[in-house]
Amino acid sequence: MTLDTVNLETCDQEPIHLIGAVQPHGALIAIDGDRFTVEFASRNAASFIGVGPEKILGKDIAKLIGAGNARQLRTLTLGPSNPELLSPWFISFSGPDGTQIDLECLPHRSNGHIILELMHAEPAPARVWEDEYLRREFISELVKPGALEELANASARIIRDVTGFDRVMIYRFAEDKHGEVIAESTNRPDSFLGLHYPASDIPDPARRHFLLNVVRAIPDINSERVPIISRKGTVADAASASPLDLTFCKLRAVAPVHVEYLNNMGVAASLSISLVTNNQLWGLVACHHYEPREISSSRLRFAELLGSTTSALLQSMESTNQLQKSITAEKTAFRIEQQARGGTSLRSLINDWATVLMQLIDAQGMLLFLGDDVVAFGAVPSTPLDFSDLWKVQADGVATTAQLSEHIDMDEEQMKVAAGAALLDLSEDGQDYLVFLRSEFEQTIRWAGKPDKVETTTEDGVTRLSPRGSFALWREERHGQSRPFSAMDRDALRILRRALFALNSLEHERAALEAQRAAEAQETRLRHALLDASRASSMGELASAIAHELNQPLSAISNYISACRQELRNADVVIPERAALLIDEAVAETTRAGDLMRRMRNFISAGDLNAEFIDLNRTIQQGIELALAYVDLPRLQVNLLLDQSIPLVLADPVQIGQVMLNLTRNSITAMQDSRVQKLTVEVISSGAWVKVYVRDTGHGIPPEQHKYLFEPFNTSTTQGMGIGLSLCRSIIEAHEGRIWAEPVKTGSVFVFQLPIEGANGEQA
Amino acid sequence: MANRPDQEFTVYVVEDEDSVRKSFCALLNAHGYSTVPCESAESFLKRFDPKQKACMLLDVRLPGMSGVQLQAQLAEMRIGIPIIVVTAHGDIPIAVQVMRNGAIDFIEKPTEAGRLLEAIEMASGLLANQAPSELPKKIIADRLAKLTDRERVVLRHMLEGKLNKEIAAELGISRRTIEVHRWRIREKMQVRGIADLIRMLG
């Protein structure tokens, strides 16, 4: 490995914690964690403790720093790592020449070793100044800002005050890991504010170190690194048999690629403080000086404190923002759910809330896909897009992208309107989803130099990579991209999705249930229709057969009675008046029975009505009398409210009599067990109609029966075959009238109406 | 007041059902007619005596040769016996057909004794060369004149043996209106039914 090139393939795996060297502003001594013998020492040890590595390796540490200090070291609580605030241990001891040596020591435990990083102590007054500063300004300055950028600016200014660096910048890392300078404090004329730095500027191993070590100071980029020597006398780097792990060393030497990078920027000294939120590298405070600059560990400690405070504030600020957005999303979801309870469909809910939803997600357009239906809101492409490829990359029902064209083929127009998209999956089967669209974000990124590393091919054919040679401003126009979807956006999307998915599922369930009900109702109707049809044909045949079979004996009876009467006359028998009357009645009854038979058959086989102009009052009365002739209800009251002024009605008297007979018989049956047994029949002339009301005080009609009341074979309403009411309806409808049951609290009310000829506009 | 018609006059009762046949015979015998019971058309053809003054009570629905077929065969054989058609299935098309083929009346079961005797009397009168109770042409024409154009159209359809629903469909008006027309026609022509109309108008 050379200083100026690094292999592309190993770039990210470069073991910088095994670099085996320190920066020259301090010395490193590593002792065995138990025996306290010196195992490693940096070659510059003599400048700090007066004796070089060759003299101290393998020796007891007590011999170097004194028994008292060594005892104290054993009492220090040392973690395996020390990413926390630097906690310096100030030690004084007599050097080999007897002079007093004052050092700051940063001890930490690592892999069975205690690593002691030694630096010259700083005079006390600085610390007092820092405390004062801290008390006076620091907290109030940092706590004041309400926005991220303000906080970052305050933080940058204070850190520059404390450290005295030429330039302090605060980077924020985007999701693609590239950095943007969001705050800057500098005494130089040029500004890096707003510049973007490519992600490759900080390789992943470096990022890991930024997470583990909050502060990283490089007082002089170009100072010579100091090798660390093991007891075997070799350099303890990655190539050696026993390298020393410098992961948590503040003094760790600088990786060659980083040296080159900083040199290319013209930087001579660097200090960086990690901004960590939720264990993520949120950003970085980068301090640059254009000459070497060493700051005391006290100031370093203060800078670290500032960094941590800033991080904490950033995190709370971000959490608050996120919380606020989440709360808004939750509130919106809640209100949508509330509205849904009123029975509003998902489609109209989205329609009602479109503006609010798009605002919440910072979207300019929205597409709702429900099965094969698409509903568009706001700005959407005129040519439809197929989102199935975006749907495929969803996790937990949400997929977001700031560059939709990376997922699906798009034309220019589509790319402008639907540069970014967030997809919410709304159904198990992937048939329903909601897509938020973000328009193109015409952004010009001001890169600090062309964001590509320079690749070169060396003579041996290995591709090598070196950091950018130029940091000249590089503008890049970005097309077909939207503002990225942040973690906050995704949280809000997840909240909305959860609510909408639930509502949609509910709606699907309800629709399925309804469809099932409709299918069942349809089936019932079909069954009734079939029954009806089978009834019609079989009843037709049945009626025909019955009519024939009954007509014959009726005919015979009638004939015999007539013959009998005639024979009596022929024999000159004087028939008593009463007997003659009975004979006449017997004949009349057989005739009536024959009539009824014929008309029923005609009627059932859709024959013709035997209509004539009749006095409905009389027909009704006859029907009721016939029904009453067979009942024995002593308490039954019958109210006949006839209207003698109604016009004659064109109707078949036998059939209308049959209707009255059926209705009356039903009422009487229903009142069998009633306390009050009152039958009221009322005839009313009403416009073009004569209406007949049949009211009773019986058990009434259960509501679920209402629908099928007039269907055939609906046996629960009558005690017979259940064709009584259906027959009534058929008869009344054949008369072009109407029959229905009126809903009442007690008992039941049946009404039928027949047209008054000439009154309803039909000219006879 | 016993009605004693001509004892020479015989009524052939062509009816397959025993009780009905016997009851008809009993009724007619009580009224002074001699009867020849026949249980089928074939049996009638066997027993028929052309020399006798007679009429026939014919059930249209018979096993073997039907009443309508028998009527046709008699016409072919030029046997001019008056026929009174009796049926338990009073359907209009059959009524019109048998009337057109020369039946003098069409009666539905159960029959009213008076109506039946009326028809038999008419048949015997025909044979006695008495003037049939035919209405003078003038009266018929007067009655016809009372009909509206529409009623005349309906009447024509009725005489063709059409059902109300067929007439309604053909004329594009409701069945109910047809019923009204029929009722008016019955009133104006002073008839009881289709049989009277056919007898009156041919």
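Peer 1: Where do I start with the overall build of chain B in this structure?
Peer 2: Broken down by element type, chain B carries 10 helices and five strands. Burial analysis of chain B (202 residues in total) assigns 51% to the buried set. In the form shown here, chain B has an accessible surface area of approximately 9300 Å², with 51% of it arising from carbon and sulfur atoms.

Peer 1: Honestly, the overall build of chain A in this entry has me stumped. Any pointers?
Peer 2: Looking only at helices and strands, chain A features 17 helices and 30 strands. Taken across its 764 residues, chain A has 50% of its residues classed as buried. For chain A, the proportion of contacts with a sequence separation of at least 24, taken over those separated by at least 6, is 67%.

Peer 1: What's the story with the environment of A:Tyr197 in this structure? I'm lost.
Peer 2: With respect to the helices and strands, the residue A:Tyr197 is situated in strand β10 (residues 196–197). Placed 17 residues apart in sequence, A:Tyr197 and A:Glu180 show a C-alpha to C-alpha distance of 6.1 Å.

Peer 1: Would you take a moment to explain unusual backbone geometry for this structure?
Peer 2: Glycine aside, a negative phi is what most residues show, and trans is what most peptide bonds show. Of note, the bond from B:Lys109 into B:Pro110 is cis; its omega dihedral lies within 30 degrees of zero at -10°. With respect to the helices and strands, B:Pro110 occurs in the loop between β5 (105–108) and α5 (113–127). One non-glycine residue, A:Asp396, adopts positive backbone phi at about 55°. Inspection of the secondary structure puts A:Asp396 in the loop between α11 (388–392) and β17 (398–401). The phi torsion at A:Asp572 lies on the positive side, around 60°, for a residue other than glycine. Classification of A:Asp572 as exposed rests on a relative accessible area of 67%.

Peer 1: What exactly am I supposed to notice about the pattern of salt bridges here?
Peer 2: It is possible for side chains of opposite charge to pair when their charged atoms get near one another. Residue and element names in this part refer to chain B. Following the criterion strictly, the structure yields 24 salt bridges over all chains and no others. Here Asp-142 makes a salt bridge to Lys-138, at a shortest N to O gap of 2.9 Å. With a gap of four residues between them, Asp-142 and Lys-138 both fall in helix α6 (residues 137–146), about one helical turn apart. Of the residues examined, Asp-142 reaches a relative accessible area of 38% and is grouped as partly exposed. Residue Asp-149 is joined to Arg-152 by a salt bridge in which the shortest nitrogen-to-oxygen separation is 3.2 Å. Taken together, the residues Asp-149 and Arg-152, both in helix α7 (residues 149–159) and three residues apart, mark about one turn of the helix. The exposure class assigned to Arg-152 is partly exposed, which follows from its relative accessible area of 33%.

Peer 1: Just to check I follow, could you spell out the packing of α7(B) against helix α8 (residues 164–171) of chain B for this structure?
Peer 2: Residues and elements named next belong to chain B. Across the interface, α7 lies against α8 with an axial gap of 10 Å and an inter-helix angle of 130°. The orientation of α7 relative to α8 falls into the category oblique. Considering the relative orientation of α7 and α8, their crossing is right-handed. Each of Arg-150, Val-153, Val-154, His-157 and Met-158 in α7 lies in contact with α8, whose residues at this interface are Ile-167, Glu-170 and Leu-171.

Peer 1: Before we go on, may I ask you to explain the sheet that holds strand β15 (residues 365–370) of chain A in this structure?
Peer 2: Strand pairing in a sheet is mediated by backbone hydrogen bonds. Such pairs are either parallel or antiparallel. All names here are of chain A. The strand order across the open sheet formed by five strands is β16-β15-β19-β18-β17, and the pairing between neighbours is antiparallel. Because the sheet does not close on itself, it has two edges, and the strands there are β16 (373–378) and β17. With strand direction ignored, the average angle separating the axes of adjacent strands in the sheet is 10°. Strand direction decides the pairing type here: β17 and strand β18 (residues 420–425), joined by four bridges, are antiparallel. Paired with Thr-401 across the strands is Ala-421, a residue of β18. Contacts from helix α10 (residues 346–361) reach β15, β16 and β19 (432–438), with the element oriented near 150° to β15.

Peer 1: Would you mind going over α7(B) with me for this structure?
Peer 2: An α-helical turn contains 3.6 residues, so a residue and the one three or four places further along point in the same direction. Every buried residue belonging to α7(B) is among B:Glu151, B:Val154, B:Leu155, B:His157, B:Met158 and B:Leu159, and all of these are buried. A positive backbone phi angle near 80° is found at B:Gly161, which sits one or two residues after α7(B).

Peer 1: Got a minute to help me understand the nonpolar core in this structure?
Peer 2: Taken as a class, soluble globular proteins show a tendency for nonpolar side chains to be buried jointly. Ranked by internal contacts, the top residues of the largest apolar core, which has 42 residues, are B:Tyr12, B:Phe44, B:Met56, B:Leu70, B:Ile81, B:Ile185 and B:Leu197. When residues in this core are grouped by element, the largest group, five residues, is from helix α10 (residues 194–201) of chain B. Mapped onto the domain boundaries, this core takes at least three residues apiece from domain 1 (10–127) and domain 2 (137–197) of chain B. When residues no more than four places from it in sequence are discounted, the contact partners of B:Phe44 are B:Tyr12, B:Val14, B:Cys38, B:Met56, B:Leu70, B:Leu74 and B:Ile81. Counting 34 residues, the second-largest nonpolar core is a separate cluster that includes A:Ile620, A:Ile624, A:Ile668 and A:Ala741.

Scoring rules and cut-offs
Residues numbered from 1 in each chain as written. Chains lettered and ligands numbered in written order. Predicted model: local features only at pLDDT ≥ 70, side-chain atom pairs only at ≥ 80, totals over all residues. Heavy atoms only, no water. Helix = DSSP H or I, 4+ residues; strand = E, 2+ residues; numbered from the N terminus. Buried < 20%, exposed > 50% of the residue type's maximum accessible area, 1.4 Å probe, protein only. Areas by Shrake-Rupley, 256 points an atom, 1.4 Å probe, with all protein chains shown as cover. Contact = heavy atoms within 4.5 Å. Salt bridge = Lys/Arg side-chain N within 4 Å of Asp/Glu carboxyl O. Axes fitted to C-alpha atoms, helices over the stretch in contact; angles between N-to-C directions. Parallel < 35°, antiparallel > 145°, perpendicular 65-115°, else oblique. Left-handed = near helix turned anticlockwise from the far one by under 90°. Pairing = 2+ DSSP bridges. Core = buried A, V, L, I, M, F, W, Y, C linked by side-chain atoms within 4.5 Å. Domains from an automatic or database assignment.

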